[in-house]
Protein chains: 4
Amino acid sequence: MPILGPNQYGKAENRVVKITRDGATHHIKDLNVSVSLSGDMDEVHYSGSNATVLPTDTTKNTVYAFAKEYGIESAEQFGIHLARHFVTSQEPIRTARIRIEEYAWERIEHSGEGAHSFVRKGQETRLAQITYDGSAWEVVSGLKDLTVMNSTDSEFWGYVKDKYTTLPEAYDRILATDVSGRWRFNWTDDGQEAPDWELSYAEVKGHLLRAFAETYSLSLQQTLYAMGARIIDHRDEIDEVRFSLPNKHHFLVDLKPFGLKNDTADGAVYLAADRPYGLIEATVLRDGREAKIPADLTNL
Amino acid sequence: MPILGPNQYGKAENRVVKITRDGATHHIKDLNVSVSLSGDMDEVHYSGSNATVLPTDTTKNTVYAFAKEYGIESAEQFGIHLARHFVTSQEPIRTARIRIEEYAWERIEHSGEGAHSFVRKGQETRLAQITYDGSAWEVVSGLKDLTVMNSTDSEFWGYVKDKYTTLPEAYDRILATDVSGRWRFNWTDDGQEAPDWELSYAEVKGHLLRAFAETYSLSLQQTLYAMGARIIDHRDEIDEVRFSLPNKHHFLVDLKPFGLKNDTADGAVYLAADRPYGLIEATVLRDGREAKIPADLTNL
Amino acid sequence: MPILGPNQYGKAENRVVKITRDGATHHIKDLNVSVSLSGDMDEVHYSGSNATVLPTDTTKNTVYAFAKEYGIESAEQFGIHLARHFVTSQEPIRTARIRIEEYAWERIEHSGEGAHSFVRKGQETRLAQITYDGSAWEVVSGLKDLTVMNSTDSEFWGYVKDKYTTLPEAYDRILATDVSGRWRFNWTDDGQEAPDWELSYAEVKGHLLRAFAETYSLSLQQTLYAMGARIIDHRDEIDEVRFSLPNKHHFLVDLKPFGLKNDTADGAVYLAADRPYGLIEATVLRDGREAKIPADLTNL
Amino acid sequence: MPILGPNQYGKAENRVVKITRDGATHHIKDLNVSVSLSGDMDEVHYSGSNATVLPTDTTKNTVYAFAKEYGIESAEQFGIHLARHFVTSQEPIRTARIRIEEYAWERIEHSGEGAHSFVRKGQETRLAQITYDGSAWEVVSGLKDLTVMNSTDSEFWGYVKDKYTTLPEAYDRILATDVSGRWRFNWTDDGQEAPDWELSYAEVKGHLLRAFAETYSLSLQQTLYAMGARIIDHRDEIDEVRFSLPNKHHFLVDLKPFGLKNDTADGAVYLAADRPYGLIEATVLRDGREAKIPADLTNL
């Protein structure tokens, strides 16, 4: 008989918005929360008995109720509350994994009263994944869709040439990517003091942006490593960083047929290409630590 | 025999990035340019004769060549160069319409040398449509995907109730929308001085955001009108504004089954819904002017 | 004071699925219904008075209730019921426009009992737009995202060459497009017998596919006209057809650097490009009729 | 110093179309090919030296050249050619992973000559992943976006109820999902005869559809297991199957306020919801084999 292997279930993409009022000044947390539970779930697969199954609808209700009961201090802290609840309140559930997307808003400046008007920042999506098995925590934070560009200080040459190589070497190119990154905290234990999740996120984002900007790049791999290493060097709470960086090609357009020079030194015109794109993926680790973030942050 | 009606053709979605260098300080214009031409095109439809057809590939080349020859001062100015060229250089082409999307970037602050590192702002997409028929210009600018929210100061009551009405009246609700707007300039003639397109865009965006924030709302229609009227009142160069505003519903979650009160006054928890959504669309005009922006900014 | 121009409102994207049971054999209609109403709506814009406003939530309820009360014989017939109801039951509403997307399902063949298992066909999305102003009907049906390809029998040459033209002429190319089409019925009056909407759709789809396949193409414009003309010639109930056809470029890859010939006659390798793409748009009319379908079926 | 962990790179999303001509009858293979290489790549990360780096542009060229040189018999066979080439031709490359999406086309029936007109089938996307480390092969095939529905023969009751549970039990509900599945072959060795990849795919798809249709379902988990077990039971070449199945909720609409009964037995009206959705994920294994397909087929 075929055997059941690893499995998990839950309610995905619960869109929860929490407003906190401080008089006429409001604060907003805007999350997309996905719950995955696993444990003693053989029978529901083999026979359809739901006797150990907490309905996904209940996990959705719990998300909304906890947003009210506990508030949302940070995505990570909210996920910790939820994961602990599922594992400790339901005997058949051994492991809970909470994944959260967070959307940032900024205030609209205006001359009216109050401070309860917002415009979505629209830049990166913040990510958090909290996993709990009843004894140890794993928290992986991250971001996706942060698009960055250096319009110079990037070269690419000295590579292997085989019979299928036609690419000319480049000594002044655009380097652009949509940053998708995840970083794992070394906090695993309720006994330890937890990181300041909000501060940590802001600092990591700042470090990766500055490392991108300040690295004179001979390859996107080098830039990726510089971004990861800067985080490991500056943030003691983080042991591992993984990036998946598409090389968003900007091709220098050949304008010679039209009697035009298109030199980078003069300010050039580029074609921003869609597909295909280079895809550079790597993990950077604190020395002595082990890689645990899965290899594929995308499905391609 | 079936008759050919209105028609147009061209190359859509030419992604052009122009870097301007001012020493180590770079500037970026990042556009998506679509060309539509029309004129004496009966034969290509009836018989396949391409004798009057400038290839769409040529229109693409022209976009890139003009970005180098003329630079990109603004999306509108760039579209004007292109539209004039197609209409005046090709006898069969009577009308050219250029549509442009523009993506904003901001600088990455860092301690390295130079200023050539950017992060995509990621907020709204700026829009421009330039149409020229050889004698008069029509310029319609706009934006899409600017997501805004008031977390209070919105009510909805006093509406018609028929046998299918179940909605309870609301005295304190979230009002959120993705602004899609277009505004038409009254500049039509090369003899007139053209508006300052960059300044005008910044000012219009500011006005619509502040009008959204400062309007105590009894309906999204009222807020829409306030946004349009503020633009007409403050910007003499604009005669018409049209908005398409989805009412992005944020439903107050019923937490009573869990023994929790979820009152707005205490800071509430909302479910951000996807579909369906209210869709409110209207034009606001300077008195005495005619509506010319098409009714549908979306396809739904 | 700024003046209110054309306006409309309603609930967009109501996802309604209707199952009809005929014993153990089930039938499915799967629609996405958007309602737009207009009429006496000045006050809601100027002052926020909702006294003439039927809530969009009510229009949503009406969609679901009518699906039960009247069933869904066809998207067009369902839209007619809805439009008539809104215009005739609410004095302030003068015009109703219903837009519907329909998703097709086919049966899963299996050896079990009953016939209530389906797999989504996944090809084109069917479209219907029904507009009623209390006296005359306008019905426009259509489809989008029907991707077709001829792997030969397409040429492109004899076109205008200007200083920006570099495209080589092509004598055997791939012609591929995502068909987006709309066709307007000449039925406008309750007194006339209405078309058989389901049959008409199937026939029109068949004609446009066969016209695409059977036309030896010298330009995509010629193919477009052939598709429209075939419909006008064969379907008396239709007076106007409009197509928006992206030219989905398939570029012959240059394999000479690798010592390979890539001739079409031998079966060639192509790069399927994303952007930019040619965009060909035109209306085909029954002689003597007027074009009423809006020019832009896309926003680019 | 921070340490480099697992890494890979290559060109993603190479869109290759191969036409094969058999006189006037053409055949088409339409793929999206992503290449990921790993091996001796420390220096490119640490110092930017590209001395061991075959450019991603070269991997793109190789995809197109191989499509011509070897043709595309099946996605799996094509991936095997590519993976073998990269690992055996470049000393620094130790492992190659090729991921392929395949889009199906069907012929347009018409009365013209030849058979070179196609319409994209538009149903599921076929998937293949081929990994080679110089000694053993791992081939995982699959599909995504195959949307299926049973309009009856699904119940859900007898589940755990905690303080956050409000869901009523259901005795006749719609069960619908977008199937995302992967299956691993036990072929690992060039010495063994390889499976008939095209036949295997068609058979697996048939089995999973029929298992979905024929299973009277007490939970989506039970249906998932039935789908996987059917494949393991019928296809000796496959040792492991993993599914990720969103529970696409179709809620019975409450029409009582409008005086209407909405009973499933009479044919009911449902609201097809977007988010949130249940997400059920599990692996089914041949007895004695180990799970190797990664747990997350989605990113949520």
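Residues numbered from 1 in each chain as written. Chains lettered and ligands numbered in written order. Predicted model: local features only at pLDDT ≥ 70, side-chain atom pairs only at ≥ 80, totals over all residues.

Draft legend 1. Region of interest: the domain arrangement of chain A. Residues and elements named next belong to chain A. What the domain assignment reports for chain A is domain 1 (1–109 + 118–135) and domain 2 (141–300). If you average the C-alpha positions of domain 1 and of domain 2, the two centres end up 30 Å apart. Counting residues at the interface gives nine residues for domain 1 and 10 residues for domain 2. Contributions of two or more residues to the side of domain 1 that touches domain 2 are made by α3 (75–89) and β7 (125–132). The biggest single contributor to the side of domain 1 that touches domain 2 is β7, with four residues. Here the residues of the side of domain 1 that touches domain 2 sort into two nonpolar, four polar and three charged. (Domains from an automatic or database assignment. Contact = placed C-beta atoms within 7 Å. Helix = DSSP H or I, 4+ residues; strand = E, 2+ residues; numbered from the N terminus. Nonpolar A, V, L, I, M, F, W, Y, C, P; charged D, E, K, R; others polar.)

Draft legend 2. Highlighting the packing of helix α2 (residues 56–70) of chain A against α3(A). All names here are of chain A. α3 packs onto α2 with a crossing angle of 120 degrees between their chain directions and a minimal axis gap of 10 Å. The angle between α2 and α3 places the two elements in the oblique class. The chirality of how α2 crosses α3 is right-handed. The residues of α3 that touch α2, namely those facing Thr62, Val63, Phe66 and Tyr70, are His81, Leu82 and His85. Within the contact of α2 with α3, the residues separate by chemical class into four nonpolar, three polar and no charged. (Axes fitted to C-alpha atoms, helices over the stretch in contact; angles between N-to-C directions. Parallel < 35°, antiparallel > 145°, perpendicular 65-115°, else oblique. Left-handed = near helix turned anticlockwise from the far one by under 90°.)

Draft legend 3. Layout of the interface of chain D and chain A. Across the boundary between the two partners, chain D contributes 78 residues, which contact 78 residues of chain A. Per-element tally for the side of chain D that touches chain A: the top contributor is strand β1 (residues 3–12) of chain D, with 10 residues. Residue composition of the side of chain D that touches chain A, grouped by class: 36 nonpolar, 29 polar and 13 charged. Pairing analysis gives eight bridges linking strand β13 (residues 277–285) of chain A to β1(D), with the strands arranged antiparallel. Bridge pairing in β1(D) links Val284(A) to Leu4(D). (Pairing = 2+ DSSP bridges.)

Draft legend 4. The arrangement of the relation of the copies chain B and chain C in detail. Rotating chain B by 180 degrees about the axis while translating it 0.0 Å along that axis superimposes it on chain C, leaving an RMSD of 0.0 Å. This pairing of chains is accounted for by a two-fold axis. When the interface residues of chain B are mapped onto chain C, 98% of them are again interface residues, pointing to one common binding face. (Least-squares fit on C-alpha atoms with pLDDT ≥ 70 in both.)

Draft legend 5. View of the relation of the copies chain D and chain A. Least-squares fitting of chain D to chain A yields an RMSD of 0.0 Å, with the superposition described by an axial translation of 0.0 Å and a rotation of 180 degrees. Mapped onto chain A, 99% of the interface residues of chain D are again interface residues, and the two copies thus contact each other with one and the same surface.

Draft legend 6. Representation of the pairing of strand β12 (residues 269–272) of chain B within the structure. The pairing of strand β2 (residues 14–22) of chain A with β12(B) spans three bridges and is classified as antiparallel. Paired with Val16(A) across the bridge in β12(B) is Leu271(B). One ladder, built from three bridges, connects strand β11 (residues 250–252) of chain B with β12(B); its direction is antiparallel. Residue pairing across strands places Phe251(B) opposite Leu271(B), the latter belonging to β12(B).

Draft legend 7. Just the pairing of strand β3 (residues 25–39) of chain A, in detail. Residues and elements named next belong to chain A. Among the 15 residues that make up β3, 13 are buried, leaving the element largely enclosed by the rest of the structure. Pairing between β2 and β3: nine bridges, direction antiparallel. Within the sheet, the bridge partner assigned to threonine 20 lies in β3 and is histidine 27. Remark: two residues form the turn of the hairpin made by β2 and β3, two consecutive strands paired antiparallel; glycine 23 in that turn has positive phi of roughly 65 degrees. The pairing of β3 with strand β4 (residues 93–102) spans nine bridges and is antiparallel. Pairing of asparagine 32 across the sheet is with glutamate 101, part of β4. (Buried ≥ 20, exposed ≤ 12 C-beta atoms within 10 Å, placed from the backbone.)

Draft legend 8. Representation of the environment of Val160(D). Position of Val160(D) relative to the elements: it lies in the loop between β8 (137–150) and β9 (175–185). Once you skip the residues sitting within four places of it in the chain, Val160(D) turns out to touch Thr52(A), Val53(A), Leu54(A) and Gln90(A).

Draft legend 9. Spotlight on the interface of chain B and chain C. Taken together, the contact between chain B and chain C spans 80 residues of the former and 78 residues of the latter. Elements with a minimum of two residues in the side of chain B that touches chain C: β1 (3–12), β2 (14–22), α1 (42–46), α2 (56–70), α5 (220–234), β10 (238–247) and β13 (277–285) of chain B. Counting residues per element, the side of chain B that touches chain C draws most heavily on β1(B), which supplies 10 residues. Its residues assigned to classes, the side of chain B that touches chain C shows 38 nonpolar, 29 polar and 13 charged.

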